[in-house]
Amino acid sequence: MSDMTTIARPYAKAAFDFAVEKGELAQWAEMLTFAGAVATNDTMQDILDSGYAADKLAEIFVSVCGEQLDEFGLNLIKVMAVNGRLNALPDVCGEFMLMKHEHEKTIEAMVISAIVLDKSQLDAISAKLEQRLARKVMLTCSVDETLIAGVVIRAGDLVIDNSVRGKLNRLSDTLLS
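Residues numbered from 1 in each chain as written. Predicted model: local features only at pLDDT ≥ 70, side-chain atom pairs only at ≥ 80, totals over all residues. Heavy atoms only, no water.

Participant: Hey, could you run me through the pattern of salt bridges in this one?
Facilitator: Oppositely charged side chains can form a pair if their charged atoms are brought close together. The tally for this structure, following the rule as stated, stands at 10 salt bridges. A salt bridge links E104 to K100; the shortest N-O distance between them is 3.1 Å. Note that E104 and K100 are positioned in helix α6 (residues 89-104) at a spacing of 4 residues, about one turn of the helix. The partner of K136 in a salt bridge is E130, with the nearest N and O atoms 3.7 Å apart. You can call K136 partly exposed: its relative accessible area is 49%. Residue E130 is classed as partly exposed on the basis of its relative accessible area of 26%. A single network of salt bridges, built from pairs that share partners, joins E102, K105 and R135. (Salt bridge = Lys/Arg side-chain N within 4 Å of Asp/Glu carboxyl O. Helix = DSSP H or I, 4+ residues; strand = E, 2+ residues; numbered from the N terminus. Buried < 20%, exposed > 50% of the residue type's maximum accessible area, 1.4 Å probe, protein only.)

In C-alpha cells, the structure reads:
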C-alpha cells in the first residue's frame, strides 16, 4: 500500500459517505475523476510542487476545474489544498471508485484476448464472471496478439489466464522444476 493511498483513503471515505447521503454517487465519481485527471497533468504537477500558498493553489486548481465541481467538490479541493494533499487527488478518486463499486456490487473486469471477441463471447464471459463473483461485471476489452489464442481475465485480485501463452509458460515452468 502506498503512502498516497493511506493519505487518500480518509478523503475518499468522507466524499463517499457524503455522496451516498446526498444520493449523488455518479456526480461525485465524475467530479473526482475530472479533478484526479487535472492533478495528474504535468503542468498542474509543477504548480502543485511549486510551493505556492494553499489558498493560491486552491484558487488555481478551482479555476482549471471550472464548472466541473459543485460547491461541495470545491470545498473538498480547498480542504485538501490547506492540508497540502492535492497531489493525492488521483488516489482519492481511485479509492472513491473502489468504494462506489463495492456499494453498487459491481466490479470492472479486463478481458485481454488474442483476437477481437464478439458480443456473444463477451456476454458469456460476463455471465460466468457475474455468477462466480456475485457482482455486476463491467467488461473492458483489449487485444494482445502475443497471447497466441485464448483470453486473460483480470477482475480485482482474480486473474484467469486461459491463453496459449500462459499455458506454454506454465508447461515450461513444470518442465524446468
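So that's the structure; there's more coming.
Participant: Is there a simple way to explain the pairing of strand β4 (residues 158-163) in this structure?
Facilitator: A regular strand carries its side chains on alternate faces of the sheet. One ladder, built from 6 bridges, connects strand β3 (residues 150-155) with β4; its direction is antiparallel. By the bridge assignment, G150 is partnered in β4 with S163. In textbook terms, the turn of a hairpin is the stretch between consecutive antiparallel strands, and for β3 and β4 this stretch comprises 2 residues, one of which, G156, has a positive phi near 65°. (Pairing = 2+ DSSP bridges.)

Participant: What should I look at first to understand the environment of D49 in this one?
Facilitator: Along the chain, the position of D49 falls in the loop between α3 (42-48) and α4 (54-65). Along the primary structure D49 and L86 are separated by 37 residues, whereas in three dimensions their C-alpha atoms are 9.8 Å apart. One polar contact links D49 to N87, side chain to side chain, over a distance of 3.3 Å. (Polar contact = N/O pair within 3.5 Å; in protein donor to acceptor, adjacent residues only side chain to side chain.)

Participant: What is the right way to look at the packing of helix α2 (residues 25-40) against α4 in this model?
Facilitator: Each pair of packed helices gets described by two things: the angle between the helix axes and the distance between those axes. Contact geometry for α2 and α4: axes closest at 10 Å, N-to-C directions at 120°. Classed by the angle they form, the pair α2 and α4 counts as oblique. Note on packing geometry: the crossing formed by α2 with α4 is right-handed. Two secondary-structure elements touch here, α2 through F34, A35, V38 and A39 and α4 through F61, V64 and C65. The residue makeup of the contact of α2 with α4, split by class, is 7 nonpolar, no polar and no charged. (Axes fitted to C-alpha atoms, helices over the stretch in contact; angles between N-to-C directions. Parallel < 35°, antiparallel > 145°, perpendicular 65-115°, else oblique. Left-handed = near helix turned anticlockwise from the far one by under 90°. Contact = heavy atoms within 4.5 Å. Nonpolar A, V, L, I, M, F, W, Y, C, P; charged D, E, K, R; others polar.)

So far we have only geometry, and geometry alone does not tell us how the molecule works.
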